[in-house]
Amino acid sequence: MHQSLAKRHIEPLKLSSFQRILLTTDGTLTEILEAYLLEKIQLVKLSEKVVKITKYIPALDSDIGTQVIERKILLQGKISLNNFIYAESTIVPERLDIKLKDRLIKSQEPMGRVWLEHKLETFKEIIDSAIETAEDLSEFFNIAREDKMLSRTYRVFSNKKPIIMITEKFPESYFIKSF
């Protein structure tokens, strides 16, 4: 954990326990957030489009011209309507079961719940973590553009093939309560 965070200039000792969990877990964040916040989490789709990639994506082992689904979402408290996580996903639909692919596209459910519903066997590998300025994402979290965001990027494998790459971001000022 320390190496993966430190290489991106994120000092683990300056993070709260929960921030470290969010950045290093290989679990889905929805249930973890619900347990921490004591609030149901809902998905808000900001955009979803099918595109052909214009450059090789090593993390997905996908060549130029491969069709992918690019999706941007927020994980939001169902009662508070507070946005807690922003996520961008790149999905390789040709590597998914047709029912799972259709459910992901049509659903307003977080991916982790859809994976459970379809009993998708997955392996997750964290490939990056970062700290960066909020910029345009600031509007979703009611923070300043220059405020910092923490993030992790991971890829999801099924049947030994990378099927999804996800980057999840949240404000550095979130989840700082110590235990």
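Residues numbered from 1 in each chain as written. Predicted model: local features only at pLDDT ≥ 70, side-chain atom pairs only at ≥ 80, totals over all residues. Heavy atoms only, no water.

### Digging into the overall build of the chain
Helix and strand counts for the chain stand at six helices and six strands. Here the chain holds 179 residues, and 46% of them are scored as buried. In the chain, once contacts between residues fewer than 6 apart in sequence are set aside, the share between residues at least 24 apart is 58%. For the chain, the accessible surface area stands at approximately 10,000 Å², while carbon and sulfur atoms represent 51% of it. (Helix = DSSP H or I, 4+ residues; strand = E, 2+ residues; numbered from the N terminus. Buried < 20%, exposed > 50% of the residue type's maximum accessible area, 1.4 Å probe, protein only. Contact = heavy atoms within 4.5 Å. Areas by Shrake-Rupley, 256 points an atom, 1.4 Å probe, with all protein chains shown as cover.)

### Focus: the sheet that holds strand β1 (residues 41-52)
Overall, antiparallel pairing links the six strands, which are arranged β1-β2-β3-β6-β5-β4 in an open sheet. Looking at strand neighbours, the two that pair on one side only are β1 and β4 (123-133), the edges of this open sheet. On average, each strand axis in the sheet is inclined to that of its neighbour by 15°, with strand direction left out of account. The pairing of strand β2 (residues 67-77) with strand β3 (residues 83-91) spans eight bridges and is antiparallel. Considered in β3, the bridge of lysine 72 is made with glutamate 88. Helix-sheet contacts for helix α4 (residues 98-106) involve β1 and β2, and the interaxial angle to β1 is about 115°. (Pairing = 2+ DSSP bridges. Axes fitted to C-alpha atoms, helices over the stretch in contact; angles between N-to-C directions.)

### Describing the pattern of salt bridges
Under the definition given, this model contains eight salt bridges. One salt bridge in this structure joins lysine 169 and glutamate 132, with 2.6 Å as the shortest N-O distance. Linking lysine 169 in strand β6 (residues 161-171) with glutamate 132 in strand β4, this pair joins segments that are 37 residues apart in sequence. A relative accessible area of 27% places glutamate 132 in the partly exposed class. (Salt bridge = Lys/Arg side-chain N within 4 Å of Asp/Glu carboxyl O.)

### So, the pairing of β6
Burial runs high along β6: 10 of the 11 residues are buried. Here β3 runs beside β6; their pairing, made up of six bridges, is antiparallel. Bridging across to β6, isoleucine 91 finds its partner in isoleucine 164. Two strands pair when backbone bridges link them, and strand β5 (residues 148-158) and β6 are joined in this way by 10 bridges, in the antiparallel orientation. The residue of β6 that forms the bridge with serine 158 is lysine 161. Where β5 folds back on β6, the antiparallel hairpin that results is connected by two residues, among which asparagine 159 adopts a positive phi of roughly 55°.

### Comments concerning unusual backbone geometry
In this model, asparagine 142 sits at a positive phi of 55°, which is unusual for a non-glycine residue. Note on placement: asparagine 142 falls in the loop between α6 (138-141) and β5. Not every positive phi belongs to a glycine, and asparagine 159 is a case in point at roughly 55°. Its location among the elements puts asparagine 159 in the loop between β5 and β6. What makes asparagine 159 exposed here is its relative accessible area of 71%.

### Digging into the confidence of the model for the chain
Confidence along the chain averages 86 in pLDDT terms, with 89% of residues attaining 70 or more. Looking across the chain, the model is least confident in helix α1 (residues 2-6), with a mean pLDDT of 51, and most confident in α6, with 97. (pLDDT = per-residue confidence, 0-100.)

### So, the nonpolar core
Side chains of a nonpolar character, in soluble globular proteins, are inclined to be buried together. Core analysis: the largest hydrophobic core is formed by 35 residues, its most contacted members being Leu33, Ile85, Phe170 and Phe175. Elements with a minimum of two residues in this core: α2 (17-24), α3 (29-37), β1, β2, β3, α4, β5 and β6. Ranked by residue count, the leading element in this core is β3, at five residues. Excluding residues that lie within four positions of it along the chain, phenylalanine 170 makes contacts with Gln19, Leu22, Leu23, Phe84, Ile85, Met149, Leu150 and Phe175. Ranked by size, the runner-up nonpolar core spans seven residues in total, among them Ile53, Ile57, Val68 and Val92. (Core = buried A, V, L, I, M, F, W, Y, C linked by side-chain atoms within 4.5 Å.)

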